[in-house]
Amino acid sequence: MSTSLSAAGSIAVLAVAKPSPLLAPRLNAAFEVHALDATLPAGVAAETAPRIRAIFASGESKVSAELMANLPALEIISVMGVGYDGIDVAAAKARGVMVTHTPDVLNDDVADLAIGLMLSAARQLPAADRHVRTGLWPQGTMPLARKMSGARIGIVGMGRIGQAIARRALGFNMTVAYTARSAKPDLPWAYLPDAASLAAVSDFLVVITPGGAGTRKLINADVLAALGSSSPQKGILVNVARGSVVDEAALIEALENGVIAGAGLDVFETEPHVPERLRALPQVVLAPHIGSATGQTRQAMADLAFDNLQCQLSGQPVKTPVPECRAAG
């Protein structure tokens with residue numbers, strides 16, 4: 001049988017990701033929660049599957065058409081995260097299943113981290129910390145770093161988080177340009193038609209576009225070469241989007257060969273596994289996918305994910321459907 005995490009409520013919910021401690025108590029109190037069981041062919045016991053009305057997922061979860069086909073009573077997939085590229089939304093829509101996520105509440109944290117990675121990579125703060133902690137300072141100073149204020153930032157993706165990053169960059173007197181699926185006439189910043197064109201005029205290239213098939217390996221060897229030729233100091237890549245958006249093998253080659261100056265990365269292709277070659281590079285700042293990882297923001301995400309579940313299952317409109325599930329007009 002599938003593992004029951006609680007039996008407090010009569011509505012059965014399938015958790016395909018381990019619920020956050022900030023969410024689990026409310027989830028378990030309100031619903032009968034079952035964990036996806038990898039030992040079962042369909043992931044959920046045959047006697048339980050017909051009763052599942054909702055799926056709880058994280059931003060990294062995979063929910064396939066095959067899984068949904070085994071859940072005839074399924075009404076909603078509630079994702080605690082802004083990204084949902086692991087969810088087969090087309091299959092969900094075809095079956096009348098609502099998909100929700102938790103946008104906006106994490107904008108500030110992700111934008112803050114993007115700026116932090118930019119500054120850390122430019123000023124080599126992790127290396128500076130090691131220089132002091134390992135006792136190297138008495139032996140000599142570190143090599144000169146690079147200035148971030150007044151530099152050019154290119155933002156790949158200009159949604160709400162991209163705009164939040166741009167506003168913060170203005171505080172560093174940076175020149176802002178961006179690329180996106182289309183230009184946004186209401187924004188004052190320069191639009192370029194593709195990532196390579198943007199990289200060629202950027203000192204820092206910040207990636208904050210959605211994941212999925214449409215953006216897979218968008219940042220490829222050509223884009224990295226353009227970033228490397230953008231100035232004599234060469235550019236720095238920052239990724240706070242999805243690991244899939246960057247061709248990681250091409251990035252490692254570009255870093256090892258000095259094509260670009262450095263990188264600040266919060267996401268990776270096969271996280272939590274990060275290639276040793278990438279971990280060995282001193283000019284790279286690495287973070288373990290912590291873009292939204294503050295107590296305040298994770299609580300807000302948990303509350304919104306729960307509210308979406310509760311709204312759908314009580315017959316009320318959900319708060320934050322994914323764009324594909326929003327009502328026309």
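The structure we're discussing is the one just above.
Summary of the structure given here.

**A short note on the overall build of the chain**
On a plain count of helices and strands, the chain comes out with 11 helices and 13 strands. By the compact-globule yardstick of 20 Å for 329 residues, the chain fits well, its C-alpha radius of gyration being 22 Å. Taking the principal axes of its C-alpha atoms as reference, the chain extends roughly 65 × 50 × 30 Å. Looking at the chain as a whole, 52% of its 329 residues are labelled buried. Considering only intrachain contacts with a sequence separation of at least 6, the fraction spanning at least 24 residues in the chain is 61%. Taking the average location of the 27 positive side-chain charges in the chain and that of its 28 negative ones, the two points are 4 Å from each other.

**A look at the pairing of strand E10 (residues 204-207)**
Residues Phe 204 and Val 206 line one face of E10 and the alternating positions Leu 205 and Val 207 line the opposite face, and both faces are buried. As paired strands, strand E7 (residues 152-156) and E10 are joined by four bridges and run parallel to one another. Residue pairing in the sheet places Ile 155 in a bridge with Val 206 of E10. Sheet topology note: the E10/strand E11 (residues 236-239) ladder contains four bridges and is parallel. Note on E11: the bridge partner recorded for Phe 204 is Ile 236. Crossover handedness for the path E10 to helix H8 (residues 221-228) to E11: right-handed.

**Focus: the packing of helix H4 (residues 107-123) against helix H6 (residues 160-170)**
At a closest axis distance of 9 Å, the pairing of H4 and H6 adopts a crossing angle of 50 degrees. Taken together, the axes of H4 and H6 are oblique relative to one another. Like other packed secondary-structure pairs, H4 and H6 cross with a definite hand, here right-handed. Within the contact between the two elements, H4 uses Asn 107, Asp 108, Val 110, Ala 111, Asp 112, Ala 114 and Ile 115 and H6 uses Arg 160, Ile 161, Ala 164, Ile 165, Arg 168 and Ala 169. Considering only residue class, the contact of H4 with H6 consists of eight nonpolar, one polar and four charged.

**Focus: the environment of Asp 129**
Relative to the helices and strands, Asp 129 resides in helix H5 (residues 125-133). Along the backbone, Asp 129 and Pro 288 are 159 residues apart, and their C-alpha atoms lie at a distance of 18 Å.

**Description of unusual backbone geometry**
Here the residue pair Glu 271 and Pro 272 is connected by a cis peptide bond, since its omega of 10 degrees sits within 30 degrees of zero. Its place among the elements puts Pro 272 in the loop between strand E12 (262-265) and helix H10 (276-279). At Lys 234, a position not held by glycine, the phi torsion is positive, near 70 degrees. Counting through the fold element by element, Lys 234 comes out in the loop between H8 and E11. Even without a glycine there, the phi angle at His 289 is positive, about 50 degrees. Among the secondary structure elements, His 289 is positioned in the loop between strand E13 (284-286) and helix H11 (295-313).

Cut-offs applied
- Residues numbered from 1 in each chain as written.
- Predicted model: local features only at pLDDT ≥ 70, side-chain atom pairs only at ≥ 80, totals over all residues.
- Heavy atoms only, no water.
- Helix = DSSP H or I, 4+ residues; strand = E, 2+ residues; numbered from the N terminus.
- Rg over C-alpha atoms; globule rule 2.2 N^0.38 Å.
- Buried < 20%, exposed > 50% of the residue type's maximum accessible area, 1.4 Å probe, protein only.
- Contact = heavy atoms within 4.5 Å.
- Lys, Arg positive; Asp, Glu negative; His and termini not counted.
- Charge placed at Lys NZ, Arg CZ, Asp CG, Glu CD.
- Pairing = 2+ DSSP bridges.
- Right-handed = clockwise from strand over helix to strand, strands pointing away.
- Axes fitted to C-alpha atoms, helices over the stretch in contact; angles between N-to-C directions.
- Parallel < 35°, antiparallel > 145°, perpendicular 65-115°, else oblique.
- Left-handed = near helix turned anticlockwise from the far one by under 90°.
- Nonpolar A, V, L, I, M, F, W, Y, C, P; charged D, E, K, R; others polar.

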